[in-house]
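Spelled out from the first residue to the last, the chains are:
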Amino acid sequence: MISVIMEVRMKRIQILACVGLCCFLTACAENANEERETDGYVQITGEQGADEKEDEPDTSKGAEISDQSGGLEESGVSEEAELPDEPAVSESSEKTNVPEPVDEEELLFEMTEPTEILLENPSQEYYLTEPIASGRDTSLTLELLTEEANQITDTEKWFQENELTPVDSFHMEDDTYRYEIVGNDYASGYLLSIYRKEDGMFLKCLDFSNYRYADNIKPGDEEFVEQRVWWAQSAGDVLYAAISHNTYTESCPHTGYLVAIDLNDDHVIWKSAPCMTNGRTFEIIDDTIVCGYGFTSEPDYLNLVSCLDGSLLEQIPVKTAAEYIIRKDDVLYVRTYDTNYAFQLWRAIGCP
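First, a word on scope: everything that follows refers to the structure included in this document. Please read these numbers as outputs of a predicted model, since none were measured by experiment.

Within the fold, Thr339 resides in strand β18 (residues 339–349). Exposure remark for Thr339: the relative accessible area of 3% places this residue in the buried category. Each C-alpha atom of the pair Thr339 and Ala149 lies 4.3 Å from the other, and the pair is 190 residues apart in sequence. Polar side-chain contacts of Thr339 include one of 2.9 Å to the side chain of Asp338.

The next point concerns unusual backbone geometry. Of note, Glu163 is a non-glycine position whose phi angle comes to about 55°, a positive value. By the element assignment, Glu163 lies in the loop between α8 (155–161) and β4 (171–173). Despite not being glycine, Ser297 has its phi angle at roughly 60°, a positive value. Residue placement: Ser297 occurs in the loop between β13 (288–293) and β14 (301–306).

Take the pairing of β18 next. Bridge count for strand β3 (residues 138–149) against β18 is eleven bridges, and the pairing is antiparallel. Among the inter-strand pairings, Ala149 is bridged to a residue of β18, identified as Thr339. Here strand β17 (residues 331–336) folds back onto β18, and the loop between the two strands holds two residues.

Our next topic: the sheet that holds strand β10 (residues 257–262). Read across the open sheet, the five strands follow the order β2-β11-β10-β9-β8; overall the sheet is antiparallel. With partners counted over all chains shown, the strands left at the sheet margins are β2 (127–128) and β8 (228–235), one partner each. Relative to strand β11 (residues 268–271), β2 runs antiparallel, the two sharing two bridges. The residue of β11 that forms the bridge with Tyr127 is Lys271.

Here we have four strands laid out as an open sheet, ordered β3-β18-β17-β16, and antiparallel in their pairing. Both outer strands of the open sheet, β3 and β16 (322–328), are each paired with one neighbouring strand and no more. This sheet shows a mean twist of 25° between the axes of neighbouring strands, independent of strand direction.

This part covers the nonpolar core. Ranked by size, the top nonpolar core spans 41 residues in total, and within it Leu192, Phe208, Leu239, Tyr240, Trp270, Phe282 and Ile289 carry the most contacts. Going through the elements one at a time, β5 (177–182), β6 (191–196), β7 (202–207), β8, β9 (238–244), β10, β11 and β13 are the ones with two or more residues in this core. Counting residues per element, this core draws most heavily on β9, at six residues. Leu140, Leu302, Ile316 and Leu345 belong to the second largest nonpolar core, which has 15 residues in total.

It is worth spelling out the pattern of salt bridges at this point. In the structure shown here, the tally under the stated rule is twelve salt bridges. Measuring nitrogen to oxygen at the nearest pair gives 3.3 Å for the salt bridge that ties Glu163 to Lys328. Placement of Glu163 in the loop between α8 and β4 and of Lys328 in strand β16 is noted, with a sequence separation of 165 residues between them. Exposure remark for Glu163: the relative accessible area of 63% places this residue in the exposed category. The partner of Glu173 in a salt bridge is Arg178, and the shortest N-O contact between them spans 3.3 Å. Through salt bridges with shared partners, a single network forms among Glu173, Arg178 and Lys197.

Thresholds applied
- Residues numbered from 1 in each chain as written.
- Predicted model: local features only at pLDDT ≥ 70, side-chain atom pairs only at ≥ 80, totals over all residues.
- Heavy atoms only, no water.
- Helix = DSSP H or I, 4+ residues; strand = E, 2+ residues; numbered from the N terminus.
- Buried < 20%, exposed > 50% of the residue type's maximum accessible area, 1.4 Å probe, protein only.
- Polar contact = N/O pair within 3.5 Å; in protein donor to acceptor, adjacent residues only side chain to side chain.
- Pairing = 2+ DSSP bridges.
- Axes fitted to C-alpha atoms, helices over the stretch in contact; angles between N-to-C directions.
- Core = buried A, V, L, I, M, F, W, Y, C linked by side-chain atoms within 4.5 Å.
- Salt bridge = Lys/Arg side-chain N within 4 Å of Asp/Glu carboxyl O.

Structure follows, in structure tokens:
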């Protein structure tokens with residue numbers, strides 16, 4: 001009897017153990033299944049399968065922005081929802097973009113276009129309205145100090161040995177103004193822009209177009225006789241400019257002028273006789289302009305011309321055409337085509 005009871009109890013225990021084991025295994029299976037689903041949700045990085053797309057609409061951000069093939073309507077999200085809002089601009093950011101106030105004179109300099117003033121060419125010969133007044137009672141005399149041959153191509157060495165500032169034939173200055181000579185190309189230069197030296201303020205642009213071509217041009221030489229401004233300097237309210245072509249006088253004899261211009265109203269006060277200057281520079285000393293004219297197989301001179309009326313005061317023969325005439329203290333350095341000169345400057349007092 002006892003053995004039967006024990007056997008029944010053992011079967012019950014086995015049954016309970018089996019039931020418990022089954023419950024335990026079922027619970028573990030469900031938990032494992034939940035873990036797989038959770039892990040899968042986190043780890044998905046690719047696109048959904050075809051079955052998933054059919055079962056539920058995809059409203060993820062990736063689906064909204066990958067609209068290359070189906071358009072906005074296929075994503076199931078409205079166009080307004082997909083477009084980002086415009087970034088708001090704060091008042092502080094707007095203030096940081098406001099430019100600083102600009103000085104009115106500086107702004108005028110930056111925005112002003114050169115105003116070209118066309119100068120009259122009153123004559124092909126000597127011309128004078130009225131002499132310029134002067135309080136000086138002096139005259140200039142040059143005394144030859146040295147004369148020596150150069151090597152023609154050693155111009156830079158000449159500037160260095162005499163401690164002279166190299167010359168730019170398109171940019172120059174004096175105590176009051178800076179000048180810029182421009183034209184259609186490197187060979188031409190009929191526009192003279194004038195700037196105030198103190199602050200670089202543009203003042204005016206003088207147009208010498210009426211001086212570019214003169215009459216009596218030798219047939220066949222038309223392309224060689226365009227005249228340009230070579231140098232400009234001022235004294236008081238008067239601007240002095242040198243104008244010439246760069247070929248033989250016989251090609252066009254009306255060349256090599258000095259012109260005096262009133263900077264107050266831009267009228268021509270006087271114009272020298274032709275063949276006074278065709279060098280790269282000239283010097284104003286008191287009331288005298290020292291310049292030079294010459295060319296191959298032509299007479300070569302240093303010319304002393306009056307600043308007051310443009311008349312020729314004196315001619316000094318030189319071996320070849322003067323190219324550079326530069327004053328340093330009381331000595332005038334002159335470089336011609338093949339010869340270097342140095343002159344002592346003398347000022348005679350009380351001369352008529």
